[in-house]
Amino acid sequence: QVQLVESGGGLVQAGGSLRLSCVASGRTFSRYHMGWFRQAPGKEREFVAALSRSGVTTDYADSVKGRFTISIDNAKNTVYLQMNSLKPEDTAIYYCAELYGSWYERVKGSEYRNWGQGTQVIVSS
């Protein structure tokens, strides 16, 4: 059973950057597509970004497109979420998970498994 652990969150001013990491233990990422989701206080969990198992294809929520980049380092068994030009509305707990469904279901949180514990991102105005 794989275990995912997120890190890299913190407090940053609007306009700043953070890089989140999602490290897998137990096996490599290559079997599944990967995704990042976030959940803000009082709101439902929402899709942020996804990366195909090949590491070639990506997809982003409209709200983060052009500012966030998802990538993978297979040697380190780590998936990253580079977040630039952060806004206060990006404040949330960020989670990574494996997509057990097809690529076409990448925005559905219900299709993901092995969620990490999350890492908190706070963007001050």
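As the structure is a computational prediction, the values presented were derived from the model and not from experiment.

In this section: the pairing of strand β5 (residues 46-51). Buried residues dominate β5, accounting for 5 of its 6 residues. Relative to β5, strand β4 (residues 33-39) runs antiparallel, the two being bridged by 5 bridges. Of the residues in β5, the one forming a bridge with Trp 36 is Ala 49. Connecting β4 to the next strand, β5, in antiparallel fashion are 6 residues, including Gly 42 with a positive phi near 75°. Pairing of β5 with strand β6 (residues 58-60) involves 3 bridges; the strand directions are antiparallel. What sits directly across from Ala 50, in β6, is Asp 59. Between the end of β5 and the start of β6, which pair antiparallel, lie 6 residues, with Gly 55 showing a positive phi angle near 80°.

Overall, the coordinates contain 1 disulfide when judged by the stated rule. Shown here is the disulfide that connects Cys 22 with Cys 96, its sulfur atoms set 2.0 Å apart. Disulfide Cys 22 to Cys 96: torsion about the S-S bond roughly 70°, handedness right-handed. With Cys 22 in strand β3 (residues 18-25) and Cys 96 in strand β9 (residues 92-99), the pair connects residues that are 74 residues apart, well separated along the chain. Side by side, Cys 22 and Cys 96 carry an identical accessibility label, which is buried.

A few words now on the sheet that holds strand β1 (residues 3-7). Here 4 strands make up an open sheet; going across it, the order is β1-β3-β8-β7 and the pairing antiparallel. Among the strands making up the open sheet, the edge pair consists of β1 and β7 (68-73). For this sheet the average axis-to-axis angle between neighbouring strands, irrespective of direction, equals 15°. Summarising the sheet, β1 and β3 pair through 5 bridges and their orientation is antiparallel. Bridge pairing in β3 places Ser 7 opposite Ser 21.

Now for the nonpolar core. Ranked by size, the top nonpolar core spans 35 residues in total, and within it Trp 36, Phe 68, Leu 81, Met 83 and Tyr 94 carry the most contacts. Elements with a contribution of two residues or more to this core: β3, β4, β5, β7, β8 (78-83), β9 and β11 (119-124). The contact partners of Tyr 94, leaving out residues within four places of it in the chain, are Glu 6, Leu 20, Trp 36, Phe 37, Arg 38, Val 48, Phe 68, Leu 81, Met 83, Gly 118, Thr 119 and Val 121.

How each quantity is defined
- Residues numbered from 1 in each chain as written.
- Predicted model: local features only at pLDDT ≥ 70, side-chain atom pairs only at ≥ 80, totals over all residues.
- Heavy atoms only, no water.
- Buried < 20%, exposed > 50% of the residue type's maximum accessible area, 1.4 Å probe, protein only.
- Helix = DSSP H or I, 4+ residues; strand = E, 2+ residues; numbered from the N terminus.
- Pairing = 2+ DSSP bridges.
- Disulfide = S-S within 2.5 Å.
- Axes fitted to C-alpha atoms, helices over the stretch in contact; angles between N-to-C directions.
- Core = buried A, V, L, I, M, F, W, Y, C linked by side-chain atoms within 4.5 Å.
- Contact = heavy atoms within 4.5 Å.

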